[in-house]
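Structural overview
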Amino acid sequence: MPKQKQSRNASEEPQAKKARLKSQRSGEEDETQDDTFNASQSADFDVNTGEAEYGIIEKLCVKNFICHGSLSMNFGPNINFVVGRNGSGKSAVLTAIVVGLGGKATATTRGSSVQNFIKDGKNVAEIRITLRNRGDFAYKPKEYGDSIIVERKLRKGGGSTYKLMSSSEKVISTEYKELSSIVDFFNIQVENPVSIMTQETSKKFLHAKNARDKYKRTT
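Regarding helix 3 (residues 176-185), the residues found buried are Glu-178, Leu-179, Ile-182, Val-183 and Phe-185. All buried residues of helix 3 fall inside an arc of 160° around its axis, so they share one side. In this structure, helix 3 carries Lys-177 and Asp-184 as exposed residues pointing more than 90 degrees from its buried face. Directly beyond the C-terminal end of helix 3, a positive phi value near 60° is found at Asn-187.

The structure is reproduced here in structure tokens:
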């Protein structure tokens, strides 16, 4: 008899895209390997629209970040291209995504401290990223709603702070641990060069002499 995926209990903590199936046959205890279904094999997008329901970046806003005094970008649901002349700040957009989602400065290959990303003459830089959070596998949908806003502020004096906000901009958490849970849940790996390859890393990858060296660049 066909098995159906049970909906997740709203009161439970979200677990990374896993759903459990139970047999529909009455009076039988048919526990097989199929009873535990890894939902990562199911579509991450709405099959009707072809758009991802969660974990994609919908908007990026930065203030006083590297060369940008103020920049706001809306992203489409599929492939996006950022174009511009040399020195216009294209790489800074990628750096903002990495740093804004909790990545270390060293992961960007542009410096050893996030303080280096604050625009010259300014004391504070701000990065705000809006992540889509829809569908059956949304992260804490009752708290965050259809989107999660991640805000990170960098201070010249040292350190940085986080705000995790709902779609209505209500602050849900200020803990890095919560941001880490969100990116893990959405499988966003900002420090993995397979997911995000910086300009400098791509140069080293292309100039690697053999397959083993190329593999080292991506691990």
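This part takes up the nonpolar core. If you look at the biggest cluster of nonpolar residues, it comprises 37 residues, and the most contacted ones within it are Leu-60, Leu-101, Leu-131 and Phe-186. Those elements that provide at least two residues to this core are strand 5 (54-65), helix 1 (90-100), strand 7 (124-133), strand 8 (147-155), strand 9 (160-165) and helix 3. Those residues in contact with Phe-186 that lie beyond four places of it in its chain are Tyr-54, Gly-55, Leu-131, Arg-132, Asn-133, Tyr-139 and Ile-148.

Evaluated as defined, the whole model comprises seven salt bridges. Note that Lys-153 is salt-bridged to Glu-126, the shortest N-O span being 3.9 Å. Pair noted here: Lys-153 is in strand 8 and Glu-126 is in strand 7, with a separation of 27 residues, a long-range link. The closest approach of N and O atoms between Glu-151 and Arg-128, which form a salt bridge, is 2.7 Å. Placement of Glu-151 in strand 8 and of Arg-128 in strand 7 is noted, with a sequence separation of 23 residues between them. Because the salt bridges share partners, they merge into one network encompassing Glu-51, Glu-58, Arg-132 and Arg-134.

Let's shift gears to the sheet that holds strand 6 (residues 68-74). Taken together, six strands build an open sheet; the order of strands is 6-5-7-8-9-10 and the sheet is antiparallel. Each edge of the open sheet carries a strand with a single partner, namely strand 6 and strand 10 (171-173). Neighbouring strand axes in the sheet, compared pairwise and without regard to direction, differ in orientation by 25° on average. Bridge count for strand 7 against strand 8 is nine bridges, and the pairing is antiparallel. Among the inter-strand pairings, Ile-127 is bridged to a residue of strand 8, identified as Arg-152. Along the sheet, helix 1 contacts strand 5, strand 6, strand 7, strand 8 and strand 9; its crossing angle with strand 5, the most-contacted strand, is approximately 110°. Sitting on the sheet, helix 3 touches strand 7, strand 8, strand 9 and strand 10, and the angle it makes with strand 9 is about 55°.

With 74% of its residues at a pLDDT of 70 or more, the protein chain has an overall mean of 80. Put simply, strand 1 (residues 18-20) is where the protein chain has its lowest mean pLDDT, 40, and strand 10 is where it has its highest, 98.

About the cut-offs
- Each residue is numbered by its place in its chain's sequence as written, counting from 1.
- Since the coordinates come from a predicted model, pLDDT governs what is reported: local features require at least 70, and pairs of side-chain atoms require 80 or more to be given and counted, while whole-chain, interface and lining totals use all residues.
- Just so you know, side-chain values use all the structure's heavy atoms and leave hydrogens and water out.
- The rule is simple: take the accessible area with a 1.4 Å probe, protein chains only, and divide by the maximum for that residue type; under 20% is buried, over 50% is exposed, in between is partly exposed.
- Note on conventions: DSSP H or I runs of at least 4 residues are helices, E runs of at least 2 residues are strands, and numbering of each starts at the N terminus.
- The reported arc concerns the directions from the helix axis to the C-beta atoms and nothing else.
- Take the buried residues of types Ala, Val, Leu, Ile, Met, Phe, Trp, Tyr and Cys, join any two whose side-chain atoms come within 4.5 Å, and each joined set is a nonpolar core.
- Here, two residues are considered to be in contact whenever any of their heavy atoms come within 4.5 Å of each other.
- The working definition used for a salt bridge is a side-chain nitrogen of Lys or Arg within 4 Å of a carboxyl oxygen of Asp or Glu.
- Each pair of strands is called paired provided DSSP finds at least two bridges between the two strands.
- Every axis corresponds to a line fitted to the C-alpha atoms, with the helix fit spanning only the stretch in contact, and the corresponding angles, defined between N-to-C directions, vary from 0 to 180 degrees.
- The predictor attaches a confidence to each residue, and that confidence, scored 0 to 100, is pLDDT.

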